[in-house]
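Read off the chains here:
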Amino acid sequence: MSISLIGKSIGESATLKLNETAAILRAKGEPVIHLGGGEPKTKPPIDALVAAAGLLSSGEVRYTPADGIPALKQAVIRYTEEFYRRKVAPEQVMASGGAKQAIMVALQAILNPQDEVIFPVPYWVSYPEMVKLTGAVPVPVRPDDGSFQPRIQEIERNVTSYTKAVIINSPNNPSGVMYSEEFIADVVRFCEKRGLYLIMDDIYHRLIFDGRKPINCYDYAEDLSENSKLVVINGVSKQYAMTGFRIGWAVANKRLIEVMTNIQGHQTSGPSSLLQHAAVAAINGVQSSVEGLRMTLENNRNVMMAQLDAFDGVKATKPDGTFYCFADFSTYEKDSTKLAEFLVEKVRVVTVPGVEFGMEGYLRLSTCGSIKDITEGIERMKWALDPNAPNELYIGDRKLVRDWM
Ligand SMILES: Cc1ncc(COP(=O)(O)O)c(C=O)c1O
């Protein structure tokens, strides 16, 4: 069969595949613990549900402007003022089918084939594939010191005449680490100086712990005129637990938003009207669910860290935010795909292999589930991996016998 070169170069989304595996096993009645998930289990804000239900029952669900309904743009403008202390115009905002589509369309608007896009390792699984979808080249950059904190020198060293953009995601999926203020300041100034686009994927910026405050990239920009190449991405998926609503947005200069809107107009005609109304209600409505989710995640992070600290041979960096923890399991198995498959097969615990995020030997563990999921999940993993653990483990009334090691 004739398939395009770009089509052939794109891998399956590892995280979506794992969700599917977990769903299939669950449907068979298997006692799966899903530590691979990337979505909160809490309910979306009631305001969002009521708004969507109201519009649905009116039957008035129509096409919208390709860049989003005016009410959603206004909500994003207000959000940008509140969280970034920056006033933007409606022409600087485009709503999209999730932050994912907002990033994809931004990349399509700025990249030519062979251009290069730099992002730190570990990175969100979709960045390399999204860059490849435009015919451009992903350039993952690993911090020299083996930590999850990049430094500007590492970015600088990888810039070539083809470099067009840098993508920064902090707090970071998968490490949960928030990049230092110094690094964010450096990267904003560096990209400005070198004329590079800087895509700030801020999707987790409100889900941060230990009293931290979100870092505002605009604070370090000198040029916020129409020449600014700063693109800020956000969305409702994570902070409002509205993953299935598929609403995200981009804030950028007017010309870029115009081009992005033209592209999106021909791709999807813009996101669903129904779900845009739900997003407006979430952004403008009562915000207590965000704080509730944030506190739950902080508590879950503490439980996860306590479990991992007591797991011999495993090294984990304490996440500053998000709902992930990226732990080094290389003393047990260097091939993270093999390890993840082993854990699903033997103890029905789903994790995401680190190689998908650019780092072998690691597993991404999610703290989205219940405390019971976290504690029991890690207990099962310990049992599967620790040669000194007892030979048998009960999951409900099912007895597992370790016949490996
Ligand atoms: C870093 C990062 N950016 C963007 C997204 C996409 O978010 P959305 O559901 O709004 O498309 C995700 C989702 O997992 C993510 O982890």
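Residues numbered from 1 in each chain as written. Predicted model: local features only at pLDDT ≥ 70, side-chain atom pairs only at ≥ 80, totals over all residues.

**Student:** Which residues make up the overall build of the protein, and what are the values?
**Tutor:** Scanning the protein from terminus to terminus reveals 13 helices and 15 strands. In terms of C-alpha radius of gyration, the protein reaches 21 Å, essentially the compact-globule figure of 22 Å for 405 residues. In terms of its C-alpha atoms, the protein occupies a principal-axis envelope of roughly 65 × 55 × 55 Å. Counting across all 405 residues of the protein, residues that qualify as buried make up 48%. (Helix = DSSP H or I, 4+ residues; strand = E, 2+ residues; numbered from the N terminus. Rg over C-alpha atoms; globule rule 2.2 N^0.38 Å. Buried ≥ 20, exposed ≤ 12 C-beta atoms within 10 Å, placed from the backbone.)

**Student:** Can you break down the sheet that holds strand E13 (residues 362-366) residue by residue, with the values?
**Tutor:** Within the open sheet, the four strands sit side by side as E9-E10-E13-E12. Their pairing is antiparallel. Because the sheet does not close on itself, it has two edges, and the strands there are strand E9 (315-316) and strand E12 (352-353). In the sheet, E9 pairs with strand E10 (residues 324-328) via two bridges, with the strands oriented antiparallel. From the neighbouring strand, Lys315 faces E10, where its bridge partner is Asp328. (Pairing = 2+ DSSP bridges.)

**Student:** Account for helix H9 (residues 254-267), with residues named and values stated.
**Tutor:** Residues spaced three or four apart along an α-helix face the same direction, because each turn holds 3.6 residues. The end-to-end C-alpha distance of H9 is 20 Å, a good match for the 20 Å that 14 residues give at a rise of 1.5 Å each. Where H9 is concerned, the buried positions are Leu256, Ile257, Met260, Thr261 and Gln264. The arc that holds every buried residue of H9, seen down its axis, measures 135 degrees, which confines them to one face. On its buried face, H9 sits against strand E2 (93-96), helix H5 (98-110), strand E7 (230-235) and strand E8 (248-251). Looking one or two places after H9, you find Ser269, whose phi comes out positive at around 65 degrees. (Expected span 1.5 Å × (residues − 1). Arc of directions from axis to C-beta. Contact = placed C-beta atoms within 7 Å.)

**Student:** Tell me about the site of the ligand, residues and numbers included.
**Tutor:** As a matter of local geometry, the ligand sits amid 13 residues, with Gly98, Ala99, Lys100, Gly235 and Ser237 nearest to it. Looking at the shell around the ligand residue by residue, the class counts come to three nonpolar, eight polar and two charged. (Near = placed C-beta within 6 Å. Nonpolar A, V, L, I, M, F, W, Y, C, P; charged D, E, K, R; others polar.)

**Student:** Can you explain the domain arrangement of the protein? Please cite residues and give values.
**Tutor:** What the domain assignment reports for the protein is domain 1 (5-43 + 288-401) and domain 2 (46-284). Spacing between the C-alpha centres of domain 1 and domain 2 amounts to 27 Å. Taken together, the contact pairs 32 residues of domain 1 with 30 residues of domain 2. Sorting elements by how many residues they give to the side of domain 1 that touches domain 2 places helix H11 (residues 288-309) first, with seven residues. Residue composition of the side of domain 1 that touches domain 2, grouped by class: 14 nonpolar, 10 polar and eight charged. (Domains from an automatic or database assignment.)

**Student:** So, the environment of Lys334: which residues are in play, and what are the values?
**Tutor:** Mapping Lys334 onto the fold places it in the loop between E10 and helix H12 (336-347). Of the residues examined, Lys334 has 11 C-beta atoms within 10 Å and is grouped as exposed. Put simply, Lys334 and Val355 are 21 residues apart on the chain and 10.0 Å apart in space, counted from C-alpha to C-alpha. Once residues lying within four places of it in the same chain are set aside, the contact partners of Lys334 are Glu360 and Gly361.

**Student:** Account for the nonpolar core, with residues named and values stated.
**Tutor:** Ala106, Val166, Leu198 and Val231 are the most contacted members of the largest nonpolar core, which totals 117 residues. By residue number, the principal contributor to this core is H5, which donates nine residues. Shared between two domains, this core holds at least three residues of each, these being domain 1 (5-43 + 288-401) and domain 2 (46-284). Excluding residues within four positions of it along the chain, Val166 makes contact with Ile118, Phe119, Ile155, Val187, Cys191, Leu196 and Leu198. (Core = buried A, V, L, I, M, F, W, Y, C linked by C-beta atoms within 7 Å.)

**Student:** How would you sum up the packing of H5 against helix H6 (residues 126-133)? Please name residues and give values.
**Tutor:** It is the contact of H5 with H6, at a shortest axis distance of 9 Å, that shows an interaxial angle of 40 degrees. With respect to H6, the element H5 is oriented oblique. Classified by chirality, the crossing of H6 by H5 is right-handed. Of the residues in H6, those in contact with Lys100, Ile103, Met104 and Leu107 of H5 are Ser126, Met130, Val131 and Leu133. (Axes fitted to C-alpha atoms, helices over the stretch in contact; angles between N-to-C directions. Parallel < 35°, antiparallel > 145°, perpendicular 65-115°, else oblique. Left-handed = near helix turned anticlockwise from the far one by under 90°.)

**Student:** Go over the sheet that holds strand E4 (residues 137-141) with me, naming the residues and quoting the values.
**Tutor:** Across the sheet, which stays open at both edges, the seven strands sit in the order E2-E8-E7-E6-E5-E3-E4 with mixed pairing between neighbours. At either end of the open sheet lies a strand with only one pairing partner, and these are E2 and E4. Neighbour-to-neighbour, the strand axes of the sheet open up by a mean angle of 20 degrees, direction not taken into account. Where strand E3 (residues 116-120) meets strand E5 (residues 163-169), three bridges bridge the pair, whose relative direction is parallel.

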